[in-house]
Amino acid sequence: MKLTDNEIRDIVKLLEAGKPLPEKYRFLLFEEKREVELVWNGKTNEVCNVVLPFQIIEQVDEPRAEKDVKIQGDLFDPASGRQLKGWTNKLIWGDNKLILASLKNGPLREEIEKQGGIKLIYIDPPFDVGADFSMDIEIGGDTFTKKPSILEELAYRDTWGKGADSFISMIYERLVLMWDLLADDGSIYVHCDWRLNSYMRCILNEVFGETNYRNEIMWKRATGASNTKGSQYPRDADHILYYTKSRSSYYQRQFGKYSENTLVNYRYDDNDGRGPYRLRDCRDYSEESIRKFEGEGRVVRGKNDALNLKQYLSDKPGITIGVCWTDIKDISGHNEESVSYATQKPEALLERIVNASSKVDELIADFFCGSGTTAAVAEKLGRKWITADLGKFAIHTTRKRMIGVQRQLKQEGKPYRAFEILNLGKYERQHFIGINPDLREAQKQKQIEEKEKAFVDLILRAYRAEPVSGFASFHGKKAGRLVVVGPVNLPVTRLFVEEIILECRQKHLTKVDILAFDFEMGLFPNILDEAKAKGIDIAPKYIPPEVFDKRAVEKNQVVFHDVAFIEVKPHVKKNTLAIELTDFSVFHSQDSIAAAEATLKNNGSKIVIEKGQIVKVSKDKNGIVTREVLTKHWTDWIDYWSVDFDFESKREIIRVPIQSPEPSPPAPLPESEGRFEERWTGDYIFENEWQSFRTKKDRKLELKSVAQECTPGRRKVAVKVVDIFGNDTMKVIEVTV
């Protein structure tokens, strides 16, 4: 480092004045090998290194049989349909930053490495600033736009709160984690569009290295001449950036169909079984090659003894695919593949990528899985897979899609694997969004406490509860019940509820309300039943978005909704058991009828949810308002339901760092080798043995399961219902067979 006396004086003056140093000093003070670098507000080399245990909340092995078909006897148990051995594919719900860090540093890393590592990653991140987790839901002949949940809104704010700076910061940290997870001979494809293509290229150069850039694929997704009246060329193509981790990556050339103009040239056929051919001059071939071709009967003498080579259409599988992909159409609403998911990509696009950069039985991943196209293609092409998404609706859409793929492959007699749905079982306590990252640690902690207190006060005020003190878990009280407010940016987990139960038992408390924006999948009803057995009545309630509306709070218009409620009826006949779904109650709300009526213009309409009913509010040309209830029956709320006929047959085991004090399990299991040990959480895995769900083609829903043969005795049966927004609810009943 060589600085002049003037430069040293300037630096000292600026530091004493508390002013930032000019950019030129960065290169003078610190050795920097990169000549070109993308810089953004908040850039840091630090990445998340938290390790959280994965909890299996549902397992789907052998799908329900539509008719008698032969199952894979070497992989699945013929009697139970359970997968016996090998890798189980993984669909993970949660923040992919925490998921990636936990995969990288946690016990699942060992399992991934046993499969040879992740050979291919494809991601299609939310590069559109309008991608805010809203979704369109079909209700009869109408479409209702479901607003994002508070947690999804916070994720959107983290991604786009400061425009491109926020997105780049978000994707950079995740790409660094993906680089670490990717096998040394692995590849990554990043899907983006014109808005962020140039930034993404710079980030990938920095993370994967400029020498590992392989190509940029242009996919012309639109078939017609869109925006023909515009003042610029149509934006009808996406970019897919292709990088590898090293020079030793796998690549298999891909071929497309010959055009009609090419095929007409293959007009000769000797009817010798070798098919049509065309003739080409032999002048460019050596004498040795020509003799070889003559021995194969491929040389024809023409006029003036000119030698021509027979080039058969079968010599090549097709035309070599380059980087301009114009032969794959985008998904339209009428496409058979469509699952009505806004960002869904066509399977043909993923098939080409998966075939080009992975082999059969290798592991591939997608950490922004959306509608589940990557998982569906991987399963059909015989690859193992890991996919993840923050949206519950994305997880639910992928679950239904993968069960459909399993059913299809089973019927065709083709191989497939079981898959499991996981979430992160224990979160580090994260706090209210909006902490200034430039503060010192002590100041940061103080601001965290202030923000968290303000958030709790806001929720208590909206719930009309009084604040309390002297408790570890409880924040308020209302009508003889204590009140707990869950975290603002995370779902309430089992561990969170266990801490509440522990304090209730220590202080002899019996009635608790838990207020939360979301609850982890599979949390209910087990944890509530455990609390009830200990004399504790826990009432979980959803915090509505209206809590942030000051006027609604002041007018006492904020309604905290109960979780959904299921009623079922068992049908026992000799040694068989069938389950009938008899009722499902939900308490969602979005907007209000009164607000819609007040703001609608003539000839307008709006669909709202109020007190568990979806209502279409319309105003005609004369200003006359009408209301139409679209959810005419309780079944209209259900998109999917499934049954585990022997719920307590499989314990939920997590692997945690050895000597870790959390979570405190009811029953420790023997230690495994290495840095982790196995523990039983006290809960059980929902094993999906029968399911019925709506698809775009078939909207019917069966309300009674098939009769399952069971061993005599008493057993617990679990029923899971997923509503049209992707929220799941479970009920456990005891049945004697």
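Further up the page is the structure itself.
Residues numbered from 1 in each chain as written. Predicted model: local features only at pLDDT ≥ 70, side-chain atom pairs only at ≥ 80, totals over all residues. Heavy atoms only, no water.

A. Region of the structure containing the side chain of Gln311. Note on placement: Gln311 falls in strand S12 (residues 307–312). Given a relative accessible area of 18%, Gln311 falls into the buried group. Among residues more than four places away in sequence, those in contact with Gln311 are Tyr266, Tyr277, Arg278, Arg280, Tyr285 and Arg298. (Helix = DSSP H or I, 4+ residues; strand = E, 2+ residues; numbered from the N terminus. Buried < 20%, exposed > 50% of the residue type's maximum accessible area, 1.4 Å probe, protein only. Contact = heavy atoms within 4.5 Å.)

B. Quick peek at a positive patch on the surface. A cluster of basic residues, Lys569, Lys573, Lys574 and Lys704, forms a positive patch on the protein surface. Considering the arrangement of structural elements, one finds Lys573 in strand S24 (residues 565–573). The exposure class assigned to Lys573 is exposed, which follows from its relative accessible area of 65%. (Patch = residues over 30% accessible without salt bridge, like charges linked within 9 Å, V, L, I, M, F, W, Y side chains within 5 Å. Areas by Shrake-Rupley, 256 points an atom, 1.4 Å probe, with all protein chains shown as cover. Salt bridge = Lys/Arg side-chain N within 4 Å of Asp/Glu carboxyl O. Lys, Arg positive; Asp, Glu negative; His and termini not counted. Charge placed at Lys NZ, Arg CZ, Asp CG, Glu CD.)

C. Up close: the sheet that holds strand S34 (residues 690–693). Overall, antiparallel pairing links the four strands, which are arranged S34-S29-S36-S37 in an open sheet. Unpaired on one side and paired on the other, S34 and strand S37 (728–736) mark the two borders of the sheet. Adjacent strand axes in the sheet meet at a mean angle of 15°, parallel and antiparallel pairs treated alike. Sheet topology places strand S29 (residues 638–644) next to strand S36 (residues 714–723); six bridges connect them, and they run antiparallel. By the bridge assignment, Val643 is partnered in S36 with Val719. (Pairing = 2+ DSSP bridges. Axes fitted to C-alpha atoms, helices over the stretch in contact; angles between N-to-C directions.)

D. Examining the packing of aromatic side chains more closely. Throughout the structure, instances matching the rule amount to 20 aromatic pairs. Each ring, one from Trp637 and one from Phe725, has its centre 5.9 Å from the other, and the planes form 80°; the classification is edge-to-face. Of this pair, Trp637 sits in the loop between strand S28 (625–629) and S29 while Phe725 sits in the loop between S36 and S37; the two residues are 88 residues apart in sequence, bridging distant segments of the chain. Between the aromatic rings of Tyr640 and Phe693, the centroid separation amounts to 5.8 Å while the plane-to-plane angle is 25°, which identifies the pairing as stacked. A residue pair is termed long-range when its members are at least 10 positions apart, and Tyr640 in strand S29 and Phe693 in strand S34 qualify at 53 residues. Three or more aromatic residues joined by ring pairs make a cluster, and in this case those are Phe208, Tyr213 and Tyr243. Stacked on the ring of Tyr640, the Lys or Arg Arg399 has its end atom at 4.9 Å from the ring centre. The side chain of Lys478 reaches across the aromatic face of Tyr463, ending 4.1 Å from its centre. (Phe/Tyr/Trp six-rings, centres within 6.5 Å; stacked < 30°, edge-to-face > 60°. Lys NZ or Arg CZ within 6 Å of the ring centre and 35° of its normal.)

E. Region of interest: helix H11 (residues 373–380). Among the eight residues that make up H11, seven are buried, leaving the element largely enclosed by the rest of the structure. Taken as a whole, H11 has its buried residues at Thr373, Thr374, Ala375, Ala376, Val377, Ala378 and Glu379. Next to the buried residues of H11 lie strand S2 (89–93), strand S3 (118–123), helix H10 (347–357), strand S15 (363–366), strand S16 (384–389) and helix H12 (392–411). A positive phi of about 80° marks Gly382, the residue just after H11.

F. The packing of H10 against H11, seen in detail. Relative to each other, H10 and H11 sit at 60°, their axes nearing to 9 Å. Of the possible angle classes, the one that applies to H10 and H11 is oblique. Taken as a pair, H10 and H11 cross one another with a handedness that is right-handed. Where H10 abuts H11, its residues Glu347, Leu350, Glu351 and Val354 lie against Thr373, Thr374, Ala376, Val377 and Lys380. Across the contact of H10 with H11, the residue classes break down as four nonpolar, two polar and three charged. (Parallel < 35°, antiparallel > 145°, perpendicular 65-115°, else oblique. Left-handed = near helix turned anticlockwise from the far one by under 90°. Nonpolar A, V, L, I, M, F, W, Y, C, P; charged D, E, K, R; others polar.)

G. Region of the structure containing the nonpolar core. By size, the foremost hydrophobic cluster in this structure holds 50 residues, and its most contacted members are Ile118, Leu175, Phe367 and Ile386. For this core, the element with the most residues is helix H6 (residues 164–181), which contributes nine residues. For Phe367, the residues in contact, after removing those within four places along its chain, are Asn96, Leu100, Leu103, Ile118, Ile121, Tyr122, Ile123, Met178, Leu181, Ile386 and Ala388. Within the second largest apolar cluster, 38 residues are counted, among which are Ile217, Ala375, Val377 and Ile403. (Core = buried A, V, L, I, M, F, W, Y, C linked by side-chain atoms within 4.5 Å.)

H. Layout of unusual backbone geometry. In this structure, the amide linkage connecting Phe524 to the following residue, Pro525, adopts the cis form with an omega of 10°. Tracing the backbone through its elements, the reader meets Pro525 in the loop between strand S21 (511–516) and helix H15 (526–533). Notably, Asn271 is not glycine yet its phi reads approximately 55°, a positive angle. Here Asn271 is to be found in the loop between helix H8 (260–263) and strand S10 (277–281). With a phi angle near 80°, Asp361 is a residue other than glycine that sits in the positive phi range. Counting through the fold element by element, Asp361 comes out in the loop between H10 and S15. Residue Asp361 is classed as partly exposed on the basis of its relative accessible area of 39%.

I. View of the pairing of strand S8 (residues 237–244). Burial within S8 is extensive, with eight of its eight residues counted as buried. The side-chain alternation of S8 yields two buried faces, one formed by Ala237, His239, Leu241 and Tyr243 and the other by Asp238, Ile240, Tyr242 and Thr244. Where strand S6 (residues 182–192) meets S8, six bridges bridge the pair, whose relative direction is antiparallel. Across the sheet, residue His191 finds its bridge partner in S8, namely Ile240. Pairing geometry for strand S7 (residues 213–220) and S8, over seven bridges, is antiparallel. The partner of Met218 across the bridge, within S8, is His239.

Just distances and angles here, no functional claims.
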